Amino acid sequence: MTVSLPVPVLDRFDWLFRGVTEIFPHQPNSPDPAENLAQRLTQTDRPLRVKLGIDPTGVDIHLGHSIPLRKLRSFQDAGHTAVLIIGDFTARIGDPTGKSEVRNQLTPAQVTTNALAYLDRVRPILDFDTPGRLEVRYNSEWLSKLDLSETLELLSTMTVGQMLAKEGFALRYEKETPIFIHEFLYPLMQGYDSVAVKADVELGGTDQKFNLVVGRDLQRHFGHTPQFGLLMPILLGTDGVQKMSKSLNNYVGLGEDALSMYSKLEKTPDSIIKDYFTLLTDLSLDELPENPREAQKLLALTVVTQYHGETQAAQAQADSIALITKPGQNAGGESIPEFSISGVTFPARIFQLLSASGLCSGSNDAKRQIQGGAVKLDGQPISDIELTYDDAASLVGKVLQVGKKRFKKLVN
């Protein structure tokens, strides 16, 4: 749900506030730039510093993660400074938001590896080239230097009761699931990032409101002007039911090849396609095709172009059409992702190949897909979970398929 803004403000900032779920503080009729973001944007005599913090706890980034990044890019395009904070220090704790148990703490080496992968993934979204438009900061720069007295000062700004009001903590406390003291530090450290970089605006998902409010409180505590919070919705997955997640297999990864990305997006359910256009593209919502099928194809082509360019997106569309008309085959072959079976030990069962290729999350998932009739080899359905191949020769050049969206060409 987009926030309600006065018409004059929408005329000027509708593209900047597109898809936004909540802005706080939000007094749309106030001329005070401290409580009305539109007034702050209008009256500022300098680029605003717009913060987005990410914790590199993994390398699997999907379109759901792109939403606040795209909004950060919108602020860049409006002439403001994006401050992308890599939480290399906070990632060692892990954000407890939405977690029913304590997260495993990562090593510095794991965090560094993840951070580099994350930055590589977001390059198609953010402007890394225009001087003054992007700061990439690591919060170990300031958090690792806090001494015990400074840490105690942070802890003194919040009561245990306030911390337990955080949804995840409240649920765990009610269920008597252990909450460790170091987890209480996470919102405070994340909030202190806003102090360190002097953020004017902080972006986050709707599940991050508590952390953004802590940032405002700490800025006030340290004598800074409190930031505005701007919340974006959590993206539903390609199933149209649950939030996008790799564990639910309803995601579109930013690192996926063009054909895989296109094949998933062109099946976007009608119930969520407008949200996908709103949150994942810059296309005018008033000019979308009325035909649902044409809208799906436009969405897929537009999003794939953002991450792979026009040429690969057009090829992915052509290959997708060919795969539909001739299952298991493509127009040219080059756009279907390949999987080398040279490392597979033969004889090998079909479910082992599905797992090793990454088409399924594991052997159990592969067996379920086979039993559900979702698996094909060169367009021929496979129903026997114990089907065994004696050697690689009979498989080279064939396309292994799961459902209508996932394909791998088997090569040496």
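Because the structure is predicted, anything quoted here is derived from the model rather than measured.

**Looking at helix H15 (residues 363-371)**
Part 1 of the argument: What H15 keeps buried is the set Asp365, Ala366, Gln369 and Ile370. Along the axis of H15, the buried residues cluster in a sector spanning 135°; they form a single face. Exposed positions of H15 whose direction lies more than 90 degrees from the buried face are Asn364, Arg368 and Gln371.
Part 2 of the argument: Backbone geometry just downstream of H15 places Gly373 in the positive-phi region, at approximately 80°.

**Considerations on the packing of aromatic side chains**
Part 1 of the argument: Under the definition given, this model contains two aromatic pairs.
Part 2 of the argument: When the centroid spacing of 5.1 Å and the interplanar angle of 75° are considered together, the rings of Phe169 and Phe184 count as edge-to-face. Note that Phe169 is positioned in helix H8 (residues 167-174) and Phe184 in helix H9 (residues 181-197), a separation of 15 residues in sequence. The residues Phe169 and Phe184 share a single accessibility class, namely buried.

**Some details on a nonpolar patch on the surface**
Part 1 of the argument: Residues Leu116, Val136 and Tyr138 make up a contiguous nonpolar surface patch of roughly 240 Å² in combined accessible area.
Part 2 of the argument: With respect to the helices and strands, Leu116 occurs in helix H4 (residues 108-122).
Part 3 of the argument: For Leu116, a relative accessible area of 55% corresponds to the exposed category.

**Here we look at the sheet that holds strand S2 (residues 49-54)**
Part 1 of the argument: The mixed open sheet is built from six strands, whose spatial order is S1-S6-S5-S2-S3-S4. Each edge of the open sheet is held by one strand with a lone partner, namely strand S1 (22-24) and strand S4 (134-138). Strand-to-strand twist of the sheet, defined as the mean angle between neighbouring strand axes without regard to direction, takes the value 20°.
Part 2 of the argument: In the sheet, strand S3 (residues 81-86) pairs with S4 via five bridges, with the strands oriented parallel. Residue pairing in the sheet places Ile85 in a bridge with Arg137 of S4.
Part 3 of the argument: Along the sheet face, helix H10 (residues 209-221) touches S1, strand S5 (201-205) and strand S6 (228-232) and points at about 20° away from the line of S1.

**Observations regarding unusual backbone geometry**
Part 1 of the argument: Here the residue pair Phe24 and Pro25 is connected by a cis peptide bond, since its omega of -5° sits within 30 degrees of zero.
Part 2 of the argument: Looking at the element boundaries, Pro25 is found in the loop between S1 and helix H2 (37-43).
Part 3 of the argument: Omega for the bond connecting Phe346 with Pro347 falls within 30 degrees of zero, at 0°, which places this linkage in the cis form.
Part 4 of the argument: Within the secondary structure layout, Pro347 lies in the loop between strand S7 (338-340) and strand S8 (348-349).
Part 5 of the argument: The phi angle at Glu176 is positive, at roughly 60°, despite the residue not being glycine.
Part 6 of the argument: For Glu176, a relative accessible area of 70% gives the class exposed.
Part 7 of the argument: In this model, Lys198 sits at a positive phi of 55°, which is unusual for a non-glycine residue.
Part 8 of the argument: When you line up the elements, Lys198 lands in the loop between H9 and S5.
Part 9 of the argument: Residue class for Lys198 comes out exposed when judged on its relative accessible area of 54%.

**What to know about the confidence of the model for the protein**
Part 1 of the argument: Here the protein averages 87 in pLDDT, while 91% of its residues score no lower than 70.
Part 2 of the argument: Within the model, the stretch residues 1-11 combines pLDDT values under 50 with 18 contacts to residues more than four positions away or in other chains.
Part 3 of the argument: Note that residues 327-334 has pLDDT below 50 and, in this model, 19 contacts with residues that lie over four places away or in other chains.

Each value, and the rule that gives it
Residues numbered from 1 in each chain as written. Predicted model: local features only at pLDDT ≥ 70, side-chain atom pairs only at ≥ 80, totals over all residues. Heavy atoms only, no water. Buried < 20%, exposed > 50% of the residue type's maximum accessible area, 1.4 Å probe, protein only. Helix = DSSP H or I, 4+ residues; strand = E, 2+ residues; numbered from the N terminus. Arc of directions from axis to C-beta. Phe/Tyr/Trp six-rings, centres within 6.5 Å; stacked < 30°, edge-to-face > 60°. Patch = residues over 30% accessible without salt bridge, like charges linked within 9 Å, V, L, I, M, F, W, Y side chains within 5 Å. Areas by Shrake-Rupley, 256 points an atom, 1.4 Å probe, with all protein chains shown as cover. Salt bridge = Lys/Arg side-chain N within 4 Å of Asp/Glu carboxyl O. Pairing = 2+ DSSP bridges. Axes fitted to C-alpha atoms, helices over the stretch in contact; angles between N-to-C directions. Contact = heavy atoms within 4.5 Å. pLDDT = per-residue confidence, 0-100.

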